[in-house]
Amino acid sequence: MADFSLFDPKTFDGAQFDPDTARVLRALIDWFEDRGKARLLADDLDAVWTADFLEFVAKEKIFATFCTPAAYADGDPNKRWDAFRNAQLSEILGFYGLSYWYAWQVTVLGLGPIWMSDNDAAKRRAAGQLDDGGVMAFGLSEREHGADVYSTDMLLTPTGDGFTASGEKYYIGNGNVAGMVSVFGRRTDLEGPEAYVFFVADSSHPNYALRDNVVHGQMFVSTFALENYPVRSEDILHTGADAFSAALNTVNVGKFNLCTGSIGITEHAFHEAITHAHNRILYGNRVTEFPHVRASFVDAYARLAAMKLFSGRAVDYFRTSSLDDRRYLLFNPMTKAKVTSEGETVVRLLHDVIAAKGYEKDTYFREAAQLIGTLPKLEGTVHVNVALMLKFMPAYMFTPTEYPAVETRDDATDDAFFFAQGPARGASKVRFHDWAPVYEKYSHVPNVARFFEQASAFKQFLAGAAPDEEQAKDLDFLLNVGHLFSLIVYGHLILEVAEQISTSLLDQIFDFQIRDFSAYAVALHGKPSSTEAQQQWALGAIRKPVVDDSRFDAVWNEVVAYDGAYEMKA
């Protein structure tokens, strides 16, 4: 077995990072641990704004260090946009609470259009505000249109020396305090894509009207209005099609954090659940001696391990990406939809075990159970991201291309390409490396081999019983196809880093992969529009995982090792 483990604040030493990064992350962990569990949970229950957290962030210059590209670091060697360490920061913040993660997440989103722009003055203003402890916001969504950028009602009317902006934005995190809010709107004097504008607004400006926090919680998810807000030339970030691309490319950079936030939340819930259940006696036995309880824990642990493995490998592809290698455009919606949905599944499995305990106000689990479902829904919902994955399915399944090997990218390097992604188009031209060889490599693992049978059968389905013209318009049917496809991609990247885990755990991961694939095959069989050929394929693609008691016991031993390993101090 390799060195895989769940995050544990007590044992975290940051050895995989440079010394300054390790110091900052350790200081962040210590800040939460010193506050203690009672304060952490009370602040959540009382919906206390995270002001003290942001004061600590300012003092340690955490967002400034992690969110400032090297080009605007003013010579500070520790400032860079480094997706490897950003992923760890995101996971730690999720581990302690969604509200802390959210303040970071929406700052990342707000910075996206700024760092992607050619507006040097705005970039320097952002770097200075970060250095002073400021946070940012991303003004895209609207009450009537959601994130539908085609239909924005934020209108910019030309004046002699710029514009005035009027309109309302909705679901905008940090909108109460953000020094720079990246706002998407359209000009009233132009039509079509040329009318789009991204500009920055200041939440402290008198023409910026903060309406409300639309949720009850520590997070401030604002609705705000601009009322004849003066937009100067130095406030303009993007115009025309570039503004549209900046919106989508920002999502590529920022919404990846959803997966690592979900992982952190789920890890903390797992620590609590195993420690509670393994030390609870019912009918003279430990709760964990009941077979169904062990099955739930083993399944939850395997799914959580898979979440970490896939997300970690996806970082390698994000950091290696270029205009000639845009495979990240598939792996990104996978992290947003698949990984976060798996987080929901893990918490549900654990909640089924600890039952009423998961509602108690002195548990982190209560917060996890309440909020884990927000992550798949924070950006476009799962179905939007699965529909996006489908765009890449033909190339991924049928036209593999040779690429240089992608190594583990844990180097302390500035990821400049994130802010130079180019136009947000051309998905049909993206190519992928062949997915089959790594499945063949691990076919000595019984359940990998069996899942490979299902993956190969899916390729045959696409070749011989693919959705017809009418089914191509049936999103309900296509989404089910997309879920089947996503399982193959998920397994692919997990296998690329399989040396990080025991063979037993790998086999157990593909146990649930097989079960999930079979469940989606059954669902496809039952869709109203499925043809007879598709129904026959679906039934033929169902498999039962290979049963191995010794493998199950080996994974259970990994699970039970977390009993009492971490408990947050009171």
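Residues numbered from 1 in each chain as written. Predicted model: local features only at pLDDT ≥ 70, side-chain atom pairs only at ≥ 80, totals over all residues. Heavy atoms only, no water.

By the naming in an unreviewed UniProt entry, the chain is Acyl-CoA dehydrogenase, taken from Rhodococcoides kyotonense.

Draft legend 1. Structural context of the overall build of the chain. Within the chain one finds 20 helices and 10 strands. Out of the 570 residues in the chain, the part that is buried amounts to 59%. A separation threshold of at least 6 residues defines the contact pool for the chain, and within that pool the share at least 24 residues apart is 79%. Surface summary for the chain: the accessible area is close to 21900 Å², and the carbon and sulfur share equals 52%. One finds the centroid of the 52 positive side-chain charges in the chain at a distance of 1 Å from the centroid of its 77 negative side-chain charges. (Helix = DSSP H or I, 4+ residues; strand = E, 2+ residues; numbered from the N terminus. Buried < 20%, exposed > 50% of the residue type's maximum accessible area, 1.4 Å probe, protein only. Contact = heavy atoms within 4.5 Å. Areas by Shrake-Rupley, 256 points an atom, 1.4 Å probe, with all protein chains shown as cover. Lys, Arg positive; Asp, Glu negative; His and termini not counted. Charge placed at Lys NZ, Arg CZ, Asp CG, Glu CD.)

Draft legend 2. The arrangement of the packing of aromatic side chains in detail. Counted according to the given criterion, the structure contains 49 aromatic pairs. Ring centres 5.1 Å apart and planes at 35° place the aromatic pair tyrosine 170 and tyrosine 171 in the tilted group. Relative accessible area serves as the criterion here: at 19%, tyrosine 170 is assigned to the buried category. With a centroid separation of 4.5 Å and an interplanar angle of 20°, the aromatic rings of tyrosine 208 and phenylalanine 224 are classed as stacked. Placement of the pair is tyrosine 208 in strand S6 (residues 208-213) and phenylalanine 224 in strand S7 (residues 221-232), with a sequence separation of 16 residues. A relative accessible area of 0% places phenylalanine 224 in the buried class. One Lys or Arg, arginine 85, reaches over the ring of phenylalanine 66 and ends 4.4 Å from the middle of that ring. Of note, arginine 327 hangs over the ring of tyrosine 403, and the distance from its end group to the ring centre comes to 3.8 Å. (Phe/Tyr/Trp six-rings, centres within 6.5 Å; stacked < 30°, edge-to-face > 60°. Lys NZ or Arg CZ within 6 Å of the ring centre and 35° of its normal.)

Draft legend 3. Representation of the environment of lysine 338. Positionally, lysine 338 belongs in helix H11 (residues 328-354). Taking C-alpha positions, lysine 338 is 8.6 Å from cysteine 259, a pair spaced 79 residues apart along the chain. For lysine 338, the residues in contact, after removing those within four places along its chain, are Pro333, Ser486, Leu487, Tyr490 and Asp516.

Draft legend 4. Expanded view of the pattern of salt bridges. Evaluation of the coordinates by the stated rule reveals 47 salt bridges. The partner of arginine 39 in a salt bridge is aspartate 43, with the nearest N and O atoms 3.1 Å apart. Taken together, the positions of arginine 39 and aspartate 43, both in helix H2 (residues 37-45) and 4 residues apart, correspond to about one turn of that helix. According to the relative accessible area criterion, aspartate 43 is buried, its value standing at 8%. Taken together, the shared-partner salt bridges in this structure form one network comprising Asp299, Arg303, Lys338, Glu342, Asp507, Asp511, Arg515, Asp516 and Arg551. (Salt bridge = Lys/Arg side-chain N within 4 Å of Asp/Glu carboxyl O.)

Draft legend 5. Spatial organisation of helix H16 (residues 446-464). Compared with the 27 Å implied by 1.5 Å per residue over 19 residues, the 27 Å span of H16 between its first and last C-alpha is a close match. Along H16, the positions that sit buried rather than exposed are Asn447, Val448, Phe451, Phe452, Gln454, Ala455, Ala457, Phe458, Phe461 and Leu462. Packed against the buried residues of H16 are helix H14 (393-398), helix H15 (436-441), helix H17 (475-496), helix H18 (503-526), helix H19 (532-541) and helix H20 (549-560). (Expected span 1.5 Å × (residues − 1).)

Draft legend 6. Just helix H10 (residues 291-320), in detail. Helix length check: H10 (30 residues) gives 44 Å between terminal C-alpha atoms against 44 Å at 1.5 Å per residue, within 8%. Summarising burial for H10: 24 of the 30 residues are buried, a large majority.

Draft legend 7. Region of interest: the packing of helix H5 (residues 83-96) against H10. At a minimum axis separation of 9 Å, H5 and H10 run at an interaxial angle of 145°. Of the two possible hands of crossing, H5 and H10 adopt the one that is right-handed. Counted together, Ala83, Phe84, Ala87 and Glu91 of H5 and Lys308, Val315 and Arg319 of H10 form the full contact between these two elements. The residue inventory of the contact of H5 with H10, partitioned by class, reads 4 nonpolar, no polar and 3 charged. (Axes fitted to C-alpha atoms, helices over the stretch in contact; angles between N-to-C directions. Left-handed = near helix turned anticlockwise from the far one by under 90°. Nonpolar A, V, L, I, M, F, W, Y, C, P; charged D, E, K, R; others polar.)

Draft legend 8. Broad picture of the packing of helix H9 (residues 257-278) against H11. Following both chains from N to C, one finds H9 and H11 inclined at 15°, their axes separated by 9 Å at the closest point. In terms of orientation, H9 and H11 fall into the roughly parallel class. The handedness of the crossing between H9 and H11 is left-handed. Contacts from Leu258, Cys259, Ser262, Ile263, Thr266, Ala269, Phe270, Ala273, His276 and Ala277 of H9 reach H11 at Thr335, Lys336, Val339, Thr340, Gly343, Val346, Val347, Leu350, Val353 and Ile354. Here the contact of H9 with H11 is composed, by residue class, of 13 nonpolar, 6 polar and 1 charged. (Parallel < 35°, antiparallel > 145°, perpendicular 65-115°, else oblique.)

Draft legend 9. Representation of the pairing of strand S2 (residues 155-158) in the model. Across 4 bridges, the pairing between S2 and strand S3 (residues 162-173) is antiparallel. Considered in S3, the bridge of leucine 156 is made with alanine 165. What sits between the antiparallel neighbours S2 and S3 is a turn of 3 residues. (Pairing = 2+ DSSP bridges.)

Draft legend 10. The arrangement of the pairing of S3 in detail. Where S3 and S7 come together, 10 bridges link them in antiparallel fashion. Bridging across to S7, glycine 167 finds its partner in leucine 226.

Draft legend 11. Looking closely at the state of the cysteines. Using the criterion set out here, one finds 0 disulfides in the structure. For cysteine 259, which is in no disulfide, the shortest distance to another cysteine sulfur is to cysteine 67 and amounts to 16 Å. A relative accessible area of 0% means that cysteine 259 is categorised as buried. (Disulfide = S-S within 2.5 Å.)

Draft legend 12. Here's a closer look at the environment of aspartate 118. Among the structural elements, aspartate 118 can be located in the loop between helix H6 (98-115) and helix H7 (120-131). Separated by 119 residues in the primary sequence, aspartate 118 and leucine 237 place their C-alpha atoms 7.1 Å from one another.

Draft legend 13. How the structure looks around the nonpolar core. Core analysis: the biggest nonpolar cluster contains 176 residues, and Phe53, Phe297, Phe458 and Ile509 have the highest contact counts within it. With 16 residues, H10 is the single largest residue contributor to this core. Isoleucine 509 has contacts with Ala302, Ala305, Ala306, Leu309, Ile494 and Ile501, leaving out every residue within four places of it along the chain. Met154, Leu156, Tyr208 and Ile236 belong to the second largest nonpolar core, which has 18 residues in total. (Core = buried A, V, L, I, M, F, W, Y, C linked by side-chain atoms within 4.5 Å.)

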